[in-house]
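Single-letter residue listing:
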Amino acid sequence: MVLVSAVRDYINRMLQDISGMKVLILDSHTVSVVSVGNSQSELLQKEVFLVELVDSISKSKESMSHLKAVYFLRPTSENIQHLRRQLASPRFGEYHLFFSNILKDTQIHNLADSDEQEVVQQIQEFYADFVAIDPYHFTLNMPSNHIYMLPAVVDTSNLPHFCDRVVDGIASIFLALKRRPIIRYQRTSDIAKRIAQETAVKAVYQQESGLFDFRRMEVSPLLLVIDRRDDPVAPLLNQWTYQAMVHELIGIQDNKVDLRNIGKLPKDQQEVVLSSEQDAFFKANMYENFGDIGKNIKRLVDEFQQISKSNQSIQTIEDMAKFVDNYPEYRKMHGNVSKHVTLVIEMSKIVEERKLMLVSQTEQELACNGGQVAAFEAVTNLLNNESISDIDRLLLVMLYALRYEKESPVQLMQLFNKLASWSAKYKPGLVQFVLKQAGVDKRTGDLFGNRDLLNIARNMARGLKGVENVYTQHQPLLFQTMESISKERLRDVDYPYVGNHFQQGRPQEVVIFIVGGTTYEESRSVALQNASNSGIRFILGGSVVLNSKRFLKDLEEAQRMARSSMAVV
Amino acid sequence: MATRNRTVVYRRHRDAVKSVRAPLFSSASGSGGPVIEMASLLGSNRSSYAPLSTEDPGPSSRDAFTVGLPPSWVDDSEQVAANIQRARAKMAELVKAHAKALMPSFEDGKEDQHLIEALTQEITDILRRSEKRLQKLSASGSAEDSNVRKNVQRSLATDLQNLSVDLRRKQSTYLKRLQQQKEGPDGVDLEMNLNGNKSRLEDDEFSDVGFNEQQTVKIKKGQQEREREINQVVQSVNELAQIMKDLSVLVIDQGTIVDRIDYNIQTVAVSVDEGLKQLQKAERTQKKGGMVRCATVLVIMCFIMLVLLILKEILF
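The shown structure was predicted, so the numbers you read here are calculated from the model rather than taken from an experiment.

Conventions used here
- Residues numbered from 1 in each chain as written.
- Chains lettered and ligands numbered in written order.
- Predicted model: local features only at pLDDT ≥ 70, side-chain atom pairs only at ≥ 80, totals over all residues.
- Heavy atoms only, no water.
- Helix = DSSP H or I, 4+ residues; strand = E, 2+ residues; numbered from the N terminus.
- Buried < 20%, exposed > 50% of the residue type's maximum accessible area, 1.4 Å probe, protein only.
- Contact = heavy atoms within 4.5 Å.
- Rg over C-alpha atoms; globule rule 2.2 N^0.38 Å.
- Lys, Arg positive; Asp, Glu negative; His and termini not counted.
- Charge placed at Lys NZ, Arg CZ, Asp CG, Glu CD.
- Pairing = 2+ DSSP bridges.
- Axes fitted to C-alpha atoms, helices over the stretch in contact; angles between N-to-C directions.
- Parallel < 35°, antiparallel > 145°, perpendicular 65-115°, else oblique.
- Left-handed = near helix turned anticlockwise from the far one by under 90°.
- Nonpolar A, V, L, I, M, F, W, Y, C, P; charged D, E, K, R; others polar.
- Buried area = accessible area lost by both parts, 1.4 Å probe.
- Salt bridge = Lys/Arg side-chain N within 4 Å of Asp/Glu carboxyl O.
- Polar contact = N/O pair within 3.5 Å; in protein donor to acceptor, adjacent residues only side chain to side chain.
- UniProt positions renumbered as here; feature names shortened; annotations may be inferred.
- Phe/Tyr/Trp six-rings, centres within 6.5 Å; stacked < 30°, edge-to-face > 60°.
- Patch = residues over 30% accessible without salt bridge, like charges linked within 9 Å, V, L, I, M, F, W, Y side chains within 5 Å.
- Areas by Shrake-Rupley, 256 points an atom, 1.4 Å probe, with all protein chains shown as cover.

K.L.:
I'd like to hear about the overall build of chain B, residue by residue, with values.
P.N.:
Looking only at helices and strands, chain B features nine helices and one strand. Expressed as a percentage of the 316 residues in chain B, the buried residues total 31%. Of the contacts made within chain B by residues no fewer than 6 positions apart, 71% connect residues no fewer than 24 positions apart.

Rendered as structure tokens:
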């Protein structure tokens with residue numbers, strides 16, 4: 001509720017005081033911010049009769065002075081340029097400017113210079129600079145995400161942009177929540193350290209500290225900045241809970257699923273919306289596993305068939321009247337049922353094609369328990385299996401390498417060779433790159449539960465007890481981190497504080513930012529933790545939302561850039 | 001949620017810039033004092049028009065920003081909105097009339113019926129007229145603000161549909177309660193009839209039939225009245241259903257992809273691109289057209305023939 005309602009409140013406040021017909025002008029980032037929180041029909045109710053992008057609206061010359069323009073943009077230099085041009089020759093009656101983050105004074109001066117006709121009525125900063133995809137999960141949708149993997153010496157120009165954008169996003173979260181946080185970061189990650197320190201300097205403590213001067217609660221909230229590479233396993237695994245599975249197999253962007261490339265579908269099912277705010281069935285089932293979803297969908301379809309059967313038998317006038325009465329709801333239910341049925345059918349097809357049940361069993365074994373010998377055999381068998389796709393082979397070898405990096409290098413080499421022989425596209429070089437980035441030496445957390453005795457014992461106990469569901473036995477490292485925070489056992493050595501502000505007691509609100517991206521499996525973990533009423537509210541955010549395809553793409557891009565820079569040097 | 005208002009800083013800077021700019025103009029035009037005053041006056045009241053500056057059109061033409069008239073379809077949309085308000089007021093009256101008619105009274109209740117019929121008819125008329133005007137809205141106007149027009153249409157269509165659903169629901173509850181009421185007294189009569197039958201069974205059979213006939217006639221008359229009322233309500237239900245069907249085409253389904261802001265922006269961009277491509281293609285086919293080629297060939301042939309003719313004349 002928290003994040004989505006914050007964004008909705010901002011948008012409502014923007015629009016409520018302005019009367020008359022309005023046009024809302026957004027840029028390519030704020031369009032995502034607004035679309036996940038508000039729908040077109042809600043905007044129509046507020047008399048917003050046109051929504052445009054700031055770069056396309058400058059192309060038209062027609063004057064629409066009966067409309068009032070409401071701009072909601074990020075304060076970037078391109079947007080300021082667009083605005084300056086549009087203010088110089090205004091098309092609309094009034095201009096109300098809202099920016100999603102802190103404006104620099106020079107930017108305000110530039111705008112004032114261009115506003116000769118004095119059409120601007122107000123300029124405000126409304127800090128909605130993040131995309132609130134779920135109540136406790138946000139993302140920043142950053143385009144060049146792979147930059148975080150490169151050391152600073154390689155790419156000097158893009159890294160500051162990346163860090164600035166992340167810092168802006170995090171600052172706007174705390175401004176939207178009206179809190180000033182204590183900041184901790186993962187010691188072993190340079191970029192996490194840099195982002196944590198820049199957030200402290202730029203936003204929280206020094207430059208704009210007046211803005212963050214909120215009423216002090218007894219316990220400040222905690223901001224924890226960690227690196228994706230501390231848990232590289234989570235994005236590589238196949239998922240079997242509804243939301244995570246859809247993202248892994250098909251892909252969700254801003255709560256929209258694009259099915260156009262998947263198969264021949266009727267026009268109204270080619271792009272669908274999966275939002276827990278608007279779809280009650282999805283909200284109840286987004287964290288359930290595939291088997292339970294099948295059952296629930298069957299029940300939904302049965303209910304729907306009952307209703308449509310009673311609609312078929314229209315005999316009296318009363319029946320007809322009742323039908324007309326209930327028609328809008330009937331239509332909505334029909335659309336919803338078709339959407340979920342289509343999704344499950346398409347996913348089942350993919351599972352069947354790629355033999356994912358077989359692959360995923362081995363993946364879970366690699367991630368959770370099992371001995372090295374058995375794992376090696378299983379992976380070899382799957383590599384030899386012809387019906388496994390190339391990408392799944394690569395993922396298996398990667399997982400094996402991450403797990404058994406140090407134990408038996410010979411067998412690892414064998415796997416590399418086998419992988420190379422199967423497909424030239426996915427060279428083993430990528431696996432070695434992953435090991436370099438996220439190998440056991442680079443990680444802080446105890447990813448496989450084999451570092452300290454307590455964890456080993458816990459794993460053995462779990463192995464003996466048996467698991468409820470083989471396919472969902474993996475728990476992301478984030479779960480352990482959250483537990484440590486709850487029990488105040490997060491070690492200062494591993495996660496130091498920024499500056500001299502230390503945490504007194506247990507925090508009541510924690511924002512965890514993963515540089516490099518989050519996964520839906522982790523957001524599920526957070527949601528379940530929040531539902532267990534432990535007294536702490538966790539919020540998760542990242543630079544993007546990852547699935548295995550996206551993570552591999554980031555790795556490839558980073559590898560390519562690292563190679564080209566080495567060639568230059 | 002925190003926000004920060006930067007308008008004060010902005011205005012201060014804007015005024016500072018303007019006072020820097022105005023002296024430049026005054027020195028350029030050479031009229032000195034009065035122009036500076038006029039410029040600053042224009043600066044402070046943006047909404048007032050150009051007529052303040054009768055002399056020196058130079059700087060004032062930059063500041064004068066005439067507020068244009070909105071296009072004609074805005075008037076139509078405002079009228080539809082006003083109609084919707086009126087319909088809402090009449091519905092409130094209708095609810096009161098329904099409640100009054102359902103109360104038990106000693107009068108015949110005919111005037112109540114008339115009032116209800118008249119009100120229902122009025123509301124249905126308003127809704128139908130508004131719907132027709134809404135449909136017309138899409139036909140007129142320029143292409144540029146077609147999106148604005150479409151969205152205005154959608155929003156008003158949603159309101160109209162909600163109103164008609166509301167009206168229908170109120171009518172059906174009224175009808176149901178009416179039926180219950182009418183059946184109430186009849187039910188009691190029938191019961192008495194049965195008792196009367198039993199007690200008279202031993203007695204004369206003829207008188208039973210006669211009694212039954214009287215009751216039957218009364219029941220029939222009540223039934224006819226009820227049928228008439230039901231028919232009227234059914235008719236209005238049908239009309240409203242028709243309106244709803246037409247309107248449902250315009251209304252957005254909530255929760256689907258069509259209700260997403262980013263999807264709508266995309267489709268606009270796509271259709272504009274498509275339109276451009278089609279235009280370009282049409283231009284190309286026209287240029288390449290067989291007609292043009294034919295005409296050129298014929299003209300050339302004409303020239304050749306003319307030349308040959310002249311040559312023929314000269315040589316012979």
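K.L.:
I'd like to hear about the overall build of chain A, residue by residue, with values.
P.N.:
Looking only at helices and strands, one finds 21 helices and 14 strands in chain A. Relative to the 2.2 N^0.38 estimate, which gives 25 Å for 569 residues, the radius of gyration of chain A is 26 Å and therefore close to what a compact globule would have. Across its three principal axes, chain A shows a C-alpha extent of roughly 75 × 75 × 50 Å. When burial is assessed residue by residue, chain A has 59% of its 569 residues classed as buried. For chain A, contacts bridging at least 24 residues in sequence account for 81% of all contacts bridging at least 6. Each charge class in chain A can be summarised by its mean position, and for the 65 positive and 69 negative side chains these summaries are 3 Å apart.

K.L.:
If you had to explain the pairing of strand S9 (residues 222-227) of chain A to someone new, which residues and values would you point to?
P.N.:
All names here are of chain A. With six of six residues buried, S9 is to be regarded as a mostly interior element. Of the two faces of S9, both are covered, the one formed by Leu222, Leu224 and Ile226 as well as the one formed by Leu223, Val225 and Asp227. The pairing of strand S8 (residues 182-185) with S9 spans four bridges and is classified as parallel. Considered in S9, the bridge of isoleucine 182 is made with leucine 222. Judged from the six bridges that link them, S9 and strand S13 (residues 509-515) form a sheet pairing that is parallel. Bridge assignment links aspartate 227 to a residue of S13, and that residue is valine 515.

K.L.:
Please provide a residue-by-residue account of the packing of helix H5 (residues 77-88) of chain A against helix H6 (residues 105-114) of chain A, values included.
P.N.:
All names here are of chain A. As a packed pair, H5 and H6 sit with axes 8 Å apart at the nearest point and diverge in direction by 20 degrees. By the angle class used here, H5 and H6 are roughly parallel. You can see that H5 and H6 cross each other, and the crossing is right-handed. Note on element contacts: H6 touches H5 through Gln107, Asn110, Leu111, Asp113 and Ser114, opposite Ile80, Leu83, Arg84, Leu87 and Ala88. Class assignment of the residues belonging to the contact of H5 with H6 gives a composition of five nonpolar, three polar and two charged.

K.L.:
Can you break down the sheet that holds strand S11 (residues 256-258) of chain A residue by residue, with the values?
P.N.:
Sheets are built from strands that pair by backbone hydrogen bonding, the pairs being arranged parallel or antiparallel. All names here are of chain A. The strand order across the open sheet built from three strands is S10-S11-S12, with neighbouring strands paired in antiparallel fashion. This sheet does not close on itself; its edge strands, each paired only once, are strand S10 (252-253) and strand S12 (271-273). Examined bridge by bridge, S10 and S11 share two bridges and lie antiparallel to one another. Directly across from isoleucine 252, in S11, lies its bridge partner valine 257.

K.L.:
So what about the interface of chain B and chain A? Which residues, and what values?
P.N.:
Contacts between chain B and chain A engage 59 residues on the former and 72 residues on the latter. Between chain B and chain A the total buried area reaches about 6,000 Å² when both faces are included, carbon and sulfur atoms providing 54% of it. Where chain B touches chain A, the interface holds six salt bridges. For the salt bridge of Lys256(A) with Asp262(B), the shortest nitrogen-to-oxygen distance reads 3.6 Å. In this structure, the connection of chain B to chain A is made through 21 residue pairs in polar contact (both at pLDDT 80 or more).

K.L.:
Quick rundown of the sheet that holds strand S1 (residues 22-26) of chain A? Include the residues and the values.
P.N.:
In space, the six strands of this open sheet follow the order S2(A)-S1(A)-S3(A)-S4(A)-S5(A)-S1(B), with mixed pairing throughout. With one partner strand each, in any of the chains shown, strand S2 (48-53) of chain A together with strand S1 (3-5) of chain B form the two edges of the open sheet. In this sheet, adjacent strand axes meet at a mean angle of 20 degrees when their direction is disregarded. Strand direction decides the pairing type here: S1(A) and strand S3 (residues 64-73) of chain A, joined by five bridges, are parallel. Bridge pairing links Leu24(A) to Val70(A) in S3(A).

K.L.:
Can you lay out unusual backbone geometry for me, pointing to particular residues and giving the numbers?
P.N.:
Residues and elements named next belong to chain A. Backbone geometry places glutamate 118, a non-glycine residue, at a positive phi of 55 degrees. Mapped onto the fold, glutamate 118 is located in the loop between H6 and strand S5 (120-126). Using a relative accessible area of 9% as the deciding quantity, one classes glutamate 118 as buried. The backbone phi angle of asparagine 533 is positive, close to 55 degrees, even though this residue is not glycine. With respect to the helices and strands, the residue asparagine 533 is situated in the loop between helix H20 (520-531) and strand S14 (537-542). Residue class for asparagine 533 comes out exposed when judged on its relative accessible area of 68%.

K.L.:
Tell me about the pattern of salt bridges, residues and numbers included.
P.N.:
Residues and elements named next belong to chain A. On inspection of all chains with the given rule, the structure shows 32 salt bridges over all chains. The partner of arginine 74 in a salt bridge is aspartate 129, with the nearest N and O atoms 2.9 Å apart. Note that arginine 74 is positioned in the loop between S3 and H5 and aspartate 129 in the loop between S5 and strand S6 (131-134), a separation of 55 residues in sequence. Here aspartate 554 makes a salt bridge to arginine 550, at a shortest N to O gap of 3.9 Å. Of this pair, aspartate 554 and arginine 550 both sit in helix H21 (residues 548-568), separated by four residues, roughly a single helical turn. Looking at aspartate 554, the relative accessible area reads 2%, which means it is buried.

K.L.:
I'd like a rundown of the UniProt feature "transmembrane region" (unreviewed entry) in chain B, residues and numbers included.
P.N.:
When the UniProt feature table is mapped onto this chain, "transmembrane region" (unreviewed entry) is found at residues 290-311 of chain B. For the annotated span residues 290-311 of chain B, helix accounts for 100% and strand for 0% of the residues, and the straight-line distance between the end C-alpha atoms is 32 Å.

K.L.:
Just give me the short version of the environment of Leu249(A), but keep the residues and values in it.
P.N.:
Residues and elements named next belong to chain A. Mapped onto the elements of the fold, leucine 249 is located in helix H9 (residues 242-249). Through-space distance from the C-alpha of leucine 249 to that of asparagine 238 is 8.4 Å; in sequence the pair is eleven residues apart. When near neighbours in sequence (up to four residues on either side) are disregarded, leucine 249 contacts Asn238, Met347, Ile350, Val351, Arg354, Leu356 and Lys549.

K.L.:
I'd like to hear about the packing of aromatic side chains, residue by residue, with values.
P.N.:
All names here are of chain A. Applying the stated rule across the entire model yields twelve aromatic pairs over all chains. Between phenylalanine 130 and phenylalanine 138 the ring centres are 5.9 Å apart and the planes differ by 65 degrees, which places this aromatic pair in the edge-to-face class. Here phenylalanine 130 and phenylalanine 138 have matching classes, each one buried. Look at tryptophan 240 and tyrosine 471: their rings are 5.3 Å apart centre to centre, the planes differ by 55 degrees, and that puts the pair in the tilted class. Taken as a pair, tryptophan 240 in the loop between S9 and H9 and tyrosine 471 in the loop between helix H18 (453-465) and helix H19 (477-486) lie far apart in primary sequence, 231 residues in all.

K.L.:
Report on a positive patch on the surface, specifying residues and quantitative values.
P.N.:
Side chains of Lys281(B), Arg284(B), Lys288(B) and Arg293(B) sit close together on the surface and give a patch of like positive charge. Relative to the helices and strands, Arg293(B) is located in helix H9 (residues 290-315).

K.L.:
Now, about the side chain of Asp115(A): what can you tell me, with residues and values included?
P.N.:
If you trace the backbone, Asp115(A) turns up in the loop between H6 and S5. For Asp115(A), a relative accessible area of 1% translates into the label buried. A distance of 2.4 Å separates the side chain of Asp115(A) from the side chain of Arg14(B), its partner in a polar contact.

K.L.:
So, H9(A): which residues are in play, and what are the values?
P.N.:
All names here are of chain A. Judged by how many residues are buried, H9 sits mostly within the fold: eight of eight residues are covered. For H9, the complete set of buried residues consists of Tyr242, Gln243, Ala244, Met245, Val246, His247, Glu248 and Leu249. Of the residues flanking the end of H9, it is glycine 251, one or two places downstream, whose phi is positive at about 115 degrees.

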